[in-house]
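In case you want the letters, here they are:
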Amino acid sequence: MVNLTRPAAGCLHDYQLTPADLVTLQSADILVVNGAGLEAFLDKALRQAPRARVIQASAGIPLLNGNPHVWVSPTLVIRQVENIAAGLARYDPARAGLYRAQAARYTAQVQALRDRMRRALQNLPARDIITLHEAFPYFAQEFGLRVVAVIEREPGSAPDARALAETIDTVKRLQVPAVFVEPQYPARAAETIARESGARLGALDPVVSGPLTADAYLRAMAKNLAELQRVLK
Ligand SMILES: [Zn+2]
C-alpha cells in the first residue's frame, strides 16, 4: 500500500501531481480515491495508471451541494470503509474475507467513537461555528452544528480584506462563539477574525492528511471532540 500524496499535502482539491506521483501511479494495480470530484487531478492520474482498477470510496453517498468532504462525518467514513473493502474483495478475491473482517473491526471502532461524540456534543450550549474551508458540512450535519460561514471561500487562498471584514461582521452579528483553524492551513485569517470579533479560536482537523497510522482518523476525531467541548462551552 502506497499513499500517493504526502501526509502534509492538505486537502486534495488543491493538489498537483508530481513527477514522482506519475511513476507511482504506473505501478498501481488498484487506486483508491475519495471521488465525488475531490481529486481534480484524477483524469490525468488515470491516464498514467492504465492498468489500475479504481475504487471510488464515496460511491453511493448522497452529496450536500456537490461537496466532496464526506469522510469528515464518521457515519459516512464507515460507508467509505465498506466501499473500499468491497472493492478490494472484488479485485483481490483471494483475500476477500480478510478485507471484510478488518473493515468490520475498524468500522466498529469508528461507530463507538461517533456514538461517544454524539452523546458528548448533544448538550453543548453553542452550535454555530465558522470553519477555515468548506470541509465540515457532513461533520456539522452529523453532530447538529451549524457552519455559519467559511473563511476561505476559494480553497487554498487567503480571504481578501473585504471578505475578512464580512466574516468579522457575521461573527459579531450572529454572536458566533468560535472560529476554527485547520492544522493543514495557515491560521492567520482565523486569528484576525477571532481577535477582531472576540470569538474563541479553536482547531478542527478535517483529517485530509496526518500520520500514516491505522488509528489516525480516530485520534484526529477524538481531538476534534475535545476542541469542540473546550471552545463551545
Ligand atoms: Zn477540502
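In this report, the structure presented in the accompanying data block is examined.

Rules used in this analysis
- Residues numbered from 1 in each chain as written.
- Predicted model: local features only at pLDDT ≥ 70, side-chain atom pairs only at ≥ 80, totals over all residues.
- Heavy atoms only, no water.
- Helix = DSSP H or I, 4+ residues; strand = E, 2+ residues; numbered from the N terminus.
- Rg over C-alpha atoms; globule rule 2.2 N^0.38 Å.
- Buried < 20%, exposed > 50% of the residue type's maximum accessible area, 1.4 Å probe, protein only.
- Contact = heavy atoms within 4.5 Å.
- Areas by Shrake-Rupley, 256 points an atom, 1.4 Å probe, with all protein chains shown as cover.
- Lys, Arg positive; Asp, Glu negative; His and termini not counted.
- Charge placed at Lys NZ, Arg CZ, Asp CG, Glu CD.
- Donors = N, O, S within 2.8 Å, 3.2 Å for Na, K, Ca; no water.
- Tetrahedral: all angles 85-135°; square planar, octahedral: opposite > 155°, others 65-115°.
- 1 Å grid on protein atoms, 1.4 Å probe; cavity = no way out; pocket = protein on both sides within 12 Å on 5 of 7 lines; lining within 4 Å.
- Points joined across faces, edges and corners; volume = space filled by probe spheres on them.
- Phe/Tyr/Trp six-rings, centres within 6.5 Å; stacked < 30°, edge-to-face > 60°.

### Quick look at the overall build of the protein chain
Scanning the protein chain from terminus to terminus reveals eight helices and six strands. In the protein chain, the succession of α and β elements from N to C terminus is α-β-α-β-α-α-β-α-β-α-β-α-β-α. In terms of overall size, the protein chain behaves like a compact globule, its C-alpha atoms giving a radius of gyration of 19 Å where 233 residues would be expected to give roughly 17 Å. If you line up the protein chain on its principal axes, its C-alpha atoms span 55 × 40 × 30 Å. For the protein chain, the residues scored as buried account for 48% of the 233 residues in total. Contacts in the protein chain between residues far apart in sequence, at least 24 positions, make up 61% of those at least 6 positions apart. Here the protein chain has roughly 12,200 Å² of accessible surface; of this, 52% comes from carbon and sulfur atoms. Positive and negative side-chain charges in the protein chain, numbering 27 and 22 respectively, have mean positions lying 5 Å apart.

### What to know about the coordination of the zinc ion
For the zinc ion, every protein donor is listed as Cys11 (SG), His13 (NE2), His69 (NE2) and His133 (NE2), and the spread of their distances is 2.0 to 2.1 Å. Coordination at the zinc ion comes from four donor atoms whose angles at the metal span 103 to 114°, giving a geometry best classed as tetrahedral. Positions of the donor residues of the zinc ion along the chain correspond to the pattern C-x1-H-x55-H-x63-H. Pair noted here: His69 is in the loop between strand S2 (53-56) and helix H3 (74-91) and His133 is in the loop between strand S3 (128-131) and helix H5 (137-143), with a separation of 64 residues, a long-range link. Exposure class is identical for His69 and His133. Each is buried.

### Topic: the layout of surface pockets
Considering only enclosed or pocket space, the second largest pocket measures out at about 200 Å³ in volume. The wall of the second largest pocket is formed by 16 residues, among which Asn67, Glu134, Phe136, Pro137 and Val147 lie closest to the centre. Every element with two or more residues in the lining of the second largest pocket is listed here: H5 and strand S4 (146-150). No other element matches S4, which puts four residues into the lining of the second largest pocket.

### Quick notes on the packing of aromatic side chains
Throughout the structure, instances matching the rule amount to three aromatic pairs. Ring geometry for Tyr15 versus Phe41: centroids 5.5 Å apart, planes at 65°, classification edge-to-face. Of the two residues, Tyr15 sits in the segment before helix H1 (19-26) while Phe41 sits in the loop between strand S1 (30-33) and helix H2 (42-48), which places them 26 residues apart along the sequence. Residue class for Tyr15 comes out buried when judged on its relative accessible area of 11%. On the basis of relative accessible area, Phe41 is assigned to the buried category, the value being 10%.

Keep in mind these values describe shape, not function.
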